[in-house]
There are 2 protein chains.
Amino acid sequence: MKYGNILGSSSIAFDQPVYIESSASIVGKKEGEGPLKDKFDMICQDPMFGTDTWEAAESSMQKEAASLAIGKAGLTPRDIRMVFAGDLLAQTVASSFGIAEMGIPFYGLYGACSTMGESLSLGAMAVAAGYGEHILCATSSHFASAEKEFRYPLGYGNQRPLSATWTVTGSGACILGALPPRDEDTPNASPLRKGGGCAVITGVTTGRVVDFGFRDSLNMGGCMAPAACDTIWQNLSDFHRTPSDYDAIVTGDLGLVGQKILLDLLKEKSVDISAVHQDCGLIIFDNETQDTHSGGSGCGCSAAVLASHLLPGVVSGKWNRILFVPTGAMLSKTSYNEGASVPGVAHAVVIEHKEL
Amino acid sequence: MKYGNILGSSSIAFDQPVYIESSASIVGKKEGEGPLKDKFDMICQDPMFGTDTWEAAESSMQKEAASLAIGKAGLTPRDIRMVFAGDLLAQTVASSFGIAEMGIPFYGLYGACSTMGESLSLGAMAVAAGYGEHILCATSSHFASAEKEFRYPLGYGNQRPLSATWTVTGSGACILGALPPRDEDTPNASPLRKGGGCAVITGVTTGRVVDFGFRDSLNMGGCMAPAACDTIWQNLSDFHRTPSDYDAIVTGDLGLVGQKILLDLLKEKSVDISAVHQDCGLIIFDNETQDTHSGGSGCGCSAAVLASHLLPGVVSGKWNRILFVPTGAMLSKTSYNEGASVPGVAHAVVIEHKEL
């Protein structure tokens, strides 16, 4: 048994790169009016996605995103060895009734809005170890199912503080594999292989749960920033890198408020990522015109931005190496109402451009 | 990249066995009055575990079980490379405020009552791939937090149908590693190494979510039996084994009702496991005297029975090879109230006696 892959205290570097064979994104109407509107695979105008409940709507969206990713890789569900998926709902029912219905061996995850980072990490670890030819990683969130789960009935029209984020209605899915995406010249060519370039996962950093004692569930950026700081710092330390070794360090959904805290916390550790920091929550909406306050959030936020915007950018060579760091806030209605704090967690995935 | 570990459609066989370095179990008063009362590490008479809420009680119990397992392996939390943990509560808050507080890189899981199977599977996969020297796998459930989460306020004193199971107040934790448990002759000897024998994980079968359309959340055994059948059948098929190749096939919490359905469903596939089948839910309570109807349930049920009863039995050589198959029912208050079905999932772990 070798431990050659272990770096520092929390990271793994893969001997062989794990290929991202395909990605797919499906979002709702509001997301489809934002800056990435031309990049999503599908924008659904019906917030119910043809179903009767918000939960079923999210399940339907997640399953469609997964199907699309499988199709874009030129595969069928039978080709997928296992799924790592999760969502924000209690008992992750969006996944249990979404992707899980596809009959693929299923590992359910809960990492709040960091779930796409957890899913990609475990998926990449499984592919790199030879546990599967093709592995599906996916998450979803839905504005209405999340408001119902964590906040107020939509009909109340509650006032939102400026620190609040807007849960993205969206799902992102990726197929990971040990072989490059299908070539442009073949039938079923994957859009994630262009001009000889593709995107690979070369390492991961597993996040710790970090609790600074914040209790404000309407300032989740603030609750999650300490965890993002911890994971990014750990990644740089474990891989012996500086921020400039990344063309972009992209957090999940810290928003405007959380971004400022993250940059400040890292500066206290003498690390300045301001030149390369981006946040999926600030990419997916135009805060000026879309009234989303601190930005977008939800595990569908980082997943949809990754699938539609980040991965094509890595494939094209716009970015050579990025650190994708989805961030999650650990709370439930019950923990919040009982006065518990809101700890954060963040999982980092190193994604690089690779010439074939 | 090799795929030598993959078997059939859903299983992995490890080249090198993954050692179970230690295990620990903590349960509540009722469980401590049952047949395994002399085997648990700790029986807590206070259902609040010294805290103010049921959720905090579960977190406290889970963290103590994890600490105990780490201590019994002669380790400290700093030695643990990563944790795979989960529970039944919404947004898995028992884990977020339990084990997660230990500052170990953390992957949160949700597999309902199958979570210990998921946790051991992913932990074993990670150890076998060289991603960690020591990995912690744990789950918990608490009767009162589960009743609050899924059913009725305790004060209602609701009537329970005979098909209902009783959620176990308990937590089980295991440390997995690539090296054998510490020797009896050394300080900090692990109780999981006796007379030269120990317990190892040699393979896993990842479960699919199976939905037979059952909608009765007070007959979870019935809801989960089809998934248990699918996973057990798949395990036997993938490993080319018959039921007699196992000294015991131990499901998680099917109870009396689910057990009967499982045996019937497997007989329809010409597989008879009646000679070797056991169920943790039927082991942990004495249904005759403890009024637990169909049996025990909850992800703490299979975890506590594994840690206290099954693993020592494998170490002693009482059983040479067992299949541990925790079973989960996928539902939430919301999915149930919206009339959704209750699909099941089961993850199987092959645990064998090994002479050192």
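The structure displayed is predicted, hence computed values, not measured ones. (Residues numbered from 1 in each chain as written. Chains lettered and ligands numbered in written order. Predicted model: local features only at pLDDT ≥ 70, side-chain atom pairs only at ≥ 80, totals over all residues. Heavy atoms only, no water.)

1. So, unusual backbone geometry
Moving on, step 1. One non-glycine residue, F49 of chain A, lies in the positive phi region at around 50°.
Moving on, step 2. Here F49 of chain A shows up in the loop between β3 (42-44) and α1 (54-72).
Moving on, step 3. On the accessibility criterion, F49 of chain A (8% relative accessible area) is buried.
Moving on, step 4. With phi around 55°, Q91 of chain B is a residue other than glycine that occupies positive phi space. (Helix = DSSP H or I, 4+ residues; strand = E, 2+ residues; numbered from the N terminus. Buried < 20%, exposed > 50% of the residue type's maximum accessible area, 1.4 Å probe, protein only.)

2. Looking at the relation of the copies chain B and chain A
Moving on, step 1. The two copies are related by a screw operation: chain B maps onto chain A through 180° of rotation and 0.0 Å of translation along the axis, at an RMSD of 0.0 Å. Classification of the inter-copy transformation places it as that of a two-fold axis.
Moving on, step 2. By residue overlap, the copies meet face to face through one surface: 100% of the interface positions of chain B are interface positions in chain A. (Least-squares fit on C-alpha atoms with pLDDT ≥ 70 in both. Contact = heavy atoms within 4.5 Å.)

3. A short note on the pairing of strand β10 (residues 197-205) of chain A
Residues and elements named next belong to chain A.
Moving on, step 1. Counting buried positions over the 9 residues of β10 gives 9, a clear majority of the element.
Moving on, step 2. Pairing geometry for strand β2 (residues 11-28) and β10, over 5 bridges, is antiparallel. Counted as the bridge partner of V18 is I201 from β10.
Moving on, step 3. Pairing between strand β9 (residues 193-194) and β10: 2 bridges, direction antiparallel. Residue pairing across strands places K194 opposite G197, the latter belonging to β10.
Moving on, step 4. The antiparallel pairing of β9 with β10 creates a hairpin that spans 2 residues between the two strands, and G195 there sits at a positive phi of about 55°.
Moving on, step 5. Examined bridge by bridge, β10 and strand β17 (residues 348-355) share 8 bridges and lie antiparallel to one another. Residue C198 lies in a different strand from β17, and its bridge partner there is K354. (Pairing = 2+ DSSP bridges.)

4. Topic: the packing of helix α5 (residues 220-238) of chain B against helix α6 (residues 255-268) of chain B
All names here are of chain B.
Moving on, step 1. The interhelical angle for the contact between α5 and α6, taken along N-to-C directions, is 40°, at an axis separation of 8 Å. Taken together, the axes of α5 and α6 are oblique relative to one another. The element α5 and its partner α6 pack so that their crossing is right-handed. Residues G221, G222, A225, P226, A228, C229, I232 and W233 of α5 pack against G258, I261, L262, L265 and L266 of α6. (Axes fitted to C-alpha atoms, helices over the stretch in contact; angles between N-to-C directions. Parallel < 35°, antiparallel > 145°, perpendicular 65-115°, else oblique. Left-handed = near helix turned anticlockwise from the far one by under 90°.)

5. Comments concerning helix α9 (residues 299-316) of chain B
Moving on, step 1. Look at α9 of chain B: 25 Å from first C-alpha to last across 18 residues, which is about the 26 Å you get at 1.5 Å a residue.
Moving on, step 2. In the segment just after α9 of chain B, G317 of chain B is the residue with positive phi, at about 90°. (Expected span 1.5 Å × (residues − 1).)

6. With respect to the confidence of the model for chain A
Moving on, step 1. Residue-level pLDDT values for chain A average 95, and 99% of them are 70 or greater.
Moving on, step 2. This complex was scored by the predictor with a pTM of 0.97 and an ipTM of 0.97. (pLDDT = per-residue confidence, 0-100.)

7. Topic: the packing of aromatic side chains
Residues and elements named next belong to chain A.
Moving on, step 1. Inspection of every chain in the model, using the stated rule, returns 8 aromatic pairs over all chains.
Moving on, step 2. When the ring of F212 is compared with that of F214, the centres are 6.4 Å apart and the planes differ by 45°; the resulting orientation is tilted.
Moving on, step 3. Among the residues examined, F214 registers a relative accessible area of 35% and is labelled partly exposed.
Moving on, step 4. Sitting above the plane of the W166 ring, K30 keeps its charged end 4.3 Å from the centroid.
Moving on, step 5. A cation over a ring is seen here: K269 above W233, with NZ or CZ 4.7 Å from the ring centre. (Phe/Tyr/Trp six-rings, centres within 6.5 Å; stacked < 30°, edge-to-face > 60°. Lys NZ or Arg CZ within 6 Å of the ring centre and 35° of its normal.)

8. Describing the interface of chain B and chain A
Moving on, step 1. Each side of the interface is counted separately: chain B has 67 residues, and chain A has 67 residues.
Moving on, step 2. Between the two partners, chain B and chain A, sit 2 salt bridges.
Moving on, step 3. Between K148 of chain A and E338 of chain B there is a salt bridge, and its shortest N-O distance comes to 2.8 Å.
Moving on, step 4. Linking chain B with chain A are 26 residue pairs in polar contact (both at pLDDT 80 or more), by the criterion used here.
Moving on, step 5. Per element, the largest residue contribution to the side of chain B that touches chain A is 7 residues, and it comes from helix α3 (residues 115-128) of chain B.
Moving on, step 6. Within the side of chain B that touches chain A, the residues separate by chemical class into 35 nonpolar, 22 polar and 10 charged. (Salt bridge = Lys/Arg side-chain N within 4 Å of Asp/Glu carboxyl O. Polar contact = N/O pair within 3.5 Å; in protein donor to acceptor, adjacent residues only side chain to side chain. Nonpolar A, V, L, I, M, F, W, Y, C, P; charged D, E, K, R; others polar.)

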